[in-house]
Structures are given as structure tokens and as C-alpha cells.
Amino acid sequence: MENFWMKLGSVATLIVTLMLILTTMAEPGEGALHKVGGRSGWTEHANYTEWSTHERFSVGDWLYFVFNRQMYDVLEVNETSFESCNSQGFISNITRGGRDVFQLKEAKTYYFICSRGYCWGGMKVFVDVVVAPPAPTPSPSGAARSLASLSLVILPLIVTSLLSLKPTRCL
Ligand SMILES: *[C@@H]1O[C@H](CO)[C@@H](O)[C@H](O)[C@H]1NC(C)=O
Ligand SMILES: *[C@@H]1O[C@H](CO)[C@@H](O)[C@H](O)[C@H]1NC(C)=O
Ligand SMILES: *[C@@H]1O[C@H](CO)[C@@H](O)[C@H](O)[C@H]1NC(C)=O
């Protein structure tokens, strides 16, 4: 019977491990963080149109501006002001310490510029935000589905381990 308990022990370990994996997977996304300009950050030497067209922005994501705050700032503006590099009457000044985040809360196009003339040199960026694809949410039905798929994995394992015990029992 020693063999049986050992098998049972390893099956139990497996179940716990699988449950841990499933719990981690069910964790909803917190919203991705996009470092504006990639490695360059927020400077005069990046092409932000190039950068932004290669990113996918979903509602709830964050923009992360990394810059020298002695030189630059970040203003949220409307489309007209973006096109004309107008830093008067901006929507918000999101400049804090130079490592500043901004959450994209709506599915729309957001516009940002740097004031002090840097916008003319290309320090401007727009991001098209789309509604996030349906993510696995921790709803009761989702949990039930996880449990169902879990038993699909575990049941054969238990059967297999019980079957492999047969010779021992015959002795
Ligand atoms: C930036 O990249 C875009 C898209 O690739 C391109 O159309 C544009 O000419 C570039 N701008 C500069 C200043 O290089
Ligand atoms: C954009 O903002 C500027 C500056 O505040 C303002 O003059 C302009 O009317 C705004 N344009 C639109 C379309 O809201
Ligand atoms: C935005 O805020 C920063 C930090 O407070 C400041 O240095 C900068 O001048 C502000 N920009 C504008 C256009 O007001």
C-alpha cells in the first residue's frame, strides 16, 4: 500500500501546482505600460510616429514618459494644437518628475506635445487607443470553466495512477 500513498501524494502535489498555475493565469491584466519612444524616451531624437504605429494601445494602458525635466515637459493637447504645436490652452500638463505616467482611459486618439519649441523638432506623439479584447475575467462562470478544465486534466491522471497500482494489488 506504500506505493498507493506515494502515488496519491504526487497526484495531490500535481493538483496543487495546476491550481496555482490556473490562479495566476486568471489574474486580469492591469494595463500595459508603454515607454514612449522606446529606448530613446521622450527626447528630440526620436520619431514618435514611427514608435506609436508599432504599438497597440488598449483602454486602461499607461504611457510612461521618461525625460529630462530641466529641458522638456509633456502636455496633453487637442488635435488642432497638436498639428500646430500650440502649447497655449493645453488640456493637462502631465509633467511631474520626468518619469511620469498617464493612463489611457478612453478609446480615442490622445495627443501630446512638448512645449518650449521642441514640438517643432518632432517632440509630439499621438496614440490611437482601442477597446481591449475580451480578457479572461475572474467571473464565477470563468472560475467554473477553470475547474471543469482542471478536472479534465486531473481525472485521467488519477485513473492512470490507480491503474498502475493494479499489479501491486494482485501480489
Ligand atoms: C517618421 O516615421 C514616419 C513613419 O515611418 C515617416 O513617415 C516620417 O517621415 C518620419 N519622420 C521623420 C522626421 O523621419
Ligand atoms: C483646441 O485647443 C485650443 C487651445 O485651447 C483651442 O483654441 C481650440 O479651439 C481647440 N480646438 C478644438 C477643436 O477643440
Ligand atoms: C508643465 O509643468 C512643468 C512642471 O511643473 C513645468 O516645468 C512646465 O513649465 C509646465 N509647462 C507649461 C506649458 O506650463
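What counts, and at which threshold
Residues numbered from 1 in each chain as written. Chains lettered and ligands numbered in written order. Predicted model: local features only at pLDDT ≥ 70, side-chain atom pairs only at ≥ 80, totals over all residues. Heavy atoms only, no water. UniProt positions renumbered as here; feature names shortened; annotations may be inferred. Near = heavy atom within 4 Å. Polar contact = N/O pair within 3.5 Å; in protein donor to acceptor, adjacent residues only side chain to side chain. Helix = DSSP H or I, 4+ residues; strand = E, 2+ residues; numbered from the N terminus. Disulfide = S-S within 2.5 Å. Buried < 20%, exposed > 50% of the residue type's maximum accessible area, 1.4 Å probe, protein only. Areas by Shrake-Rupley, 256 points an atom, 1.4 Å probe, with all protein chains shown as cover. Nonpolar A, V, L, I, M, F, W, Y, C, P; charged D, E, K, R; others polar. Phe/Tyr/Trp six-rings, centres within 6.5 Å; stacked < 30°, edge-to-face > 60°. Lys NZ or Arg CZ within 6 Å of the ring centre and 35° of its normal. Pairing = 2+ DSSP bridges.

The name given to the chain in an unreviewed UniProt entry is Phytocyanin domain-containing protein, with the source organism recorded as Corymbia citriodora subsp. variegata. The Function (unreviewed entry) comment attached to the chain in UniProt states, word for word, "May act as a carbohydrate transporter." Its UniProt record, at the heading Sequence similarities (unreviewed entry), says of the chain: "Belongs to the early nodulin-like (ENODL) family."

*Asks:* Before we go on, may I ask you to explain the site of ligand 3 in this structure?
*Replies:* Every residue close to ligand 3 is listed here: D73, L75, F90, N93, T95, S115 and R116. Contacts to ligand 3 include D73, whose side-chain N or O atom sits 2.9 Å from a nitrogen atom.

*Asks:* I keep staring at the environment of R99 and nothing clicks. Help me out?
*Replies:* Along the polypeptide, R99 turns up in strand β6 (residues 99-103). Reaching out from R99, the side chain makes a polar contact with the side chain of Y64 at a distance of 3.3 Å.

*Asks:* How should the state of the cysteines be read in this particular structure?
*Replies:* Chemically, a disulfide is nothing more than a covalent bond linking the sulfur atoms of two cysteines. Evaluation of the coordinates by the stated rule reveals one disulfide. The disulfide partner of C85 is C119, and the gap between their sulfur atoms is 2.0 Å. Its S-S torsion of about -75° marks the bond between C85 and C119 as left-handed, since a negative value means left-handed. Of this pair, C85 sits in the loop between α3 (79-84) and β5 (92-93) while C119 is found in the loop between β7 (109-113) and β8 (124-130), placing the two residues 34 residues apart along the sequence. For the pair C85 and C119, one class covers both residues: buried. We note that C114 lacks a disulfide partner, and the nearest cysteine sulfur, in C119, lies 8.1 Å from it.

*Asks:* Explain the site of ligand 2 to me, please; I cannot follow it from the model alone.
*Replies:* In the vicinity of ligand 2, the contacting residues are N78, T80, S81, Q88 and G89. N78 has a polar side-chain atom sitting 2.4 Å from an oxygen atom of ligand 2. In the model, an oxygen atom of ligand 2 is placed 2.8 Å from a nitrogen or oxygen of the G89 main chain. Look at ligand 2: alone it shows 360 Å² of surface, and the protein chains cover 37% of it. Residue composition of the shell around ligand 2, by class: no nonpolar, five polar and no charged.

*Asks:* Looking at this structure, I do not really get the packing of aromatic side chains. What am I missing?
*Replies:* A ring pair, where both rings are aromatic, is described by two values, the distance of the centres and the angle of the planes. Here the structure, examined in full by the defined rule, presents eleven aromatic pairs. Here Y72 and Y118 contribute two aromatic rings whose centre-to-centre distance is 4.8 Å and whose plane-to-plane angle is 85°, an arrangement assigned as edge-to-face. Of this pair, Y72 sits in the loop between β3 (62-66) and β4 (75-77) while Y118 is found in the loop between β7 and β8, placing the two residues 46 residues apart along the sequence. Residue Y118 is classed as partly exposed on the basis of its relative accessible area, which comes to 21%. Among the aromatic residues, ring-to-ring pairing joins W42, Y48, F65, F102, Y110 and F112 into one connected group. Between K108 and the ring centre of Y110, over which it is positioned, the NZ or CZ distance is 4.7 Å.

*Asks:* Where do I start with the sheet that holds strand β2 (residues 57-58) in this structure?
*Replies:* The strands that make up a sheet pair up through hydrogen bonds in the backbone, lying either parallel or antiparallel. Spatially, the five strands line up as an open sheet ordered β2-β8-β7-β4-β5, and their pairing is mixed. Edge positions in the open sheet fall to β2 and β5, since each of these has one partner strand only. Here five bridges tie β7 to β8, and the two strands are oriented antiparallel to one another. Across the sheet, I113 pairs through a bridge with K124, a residue of β8.

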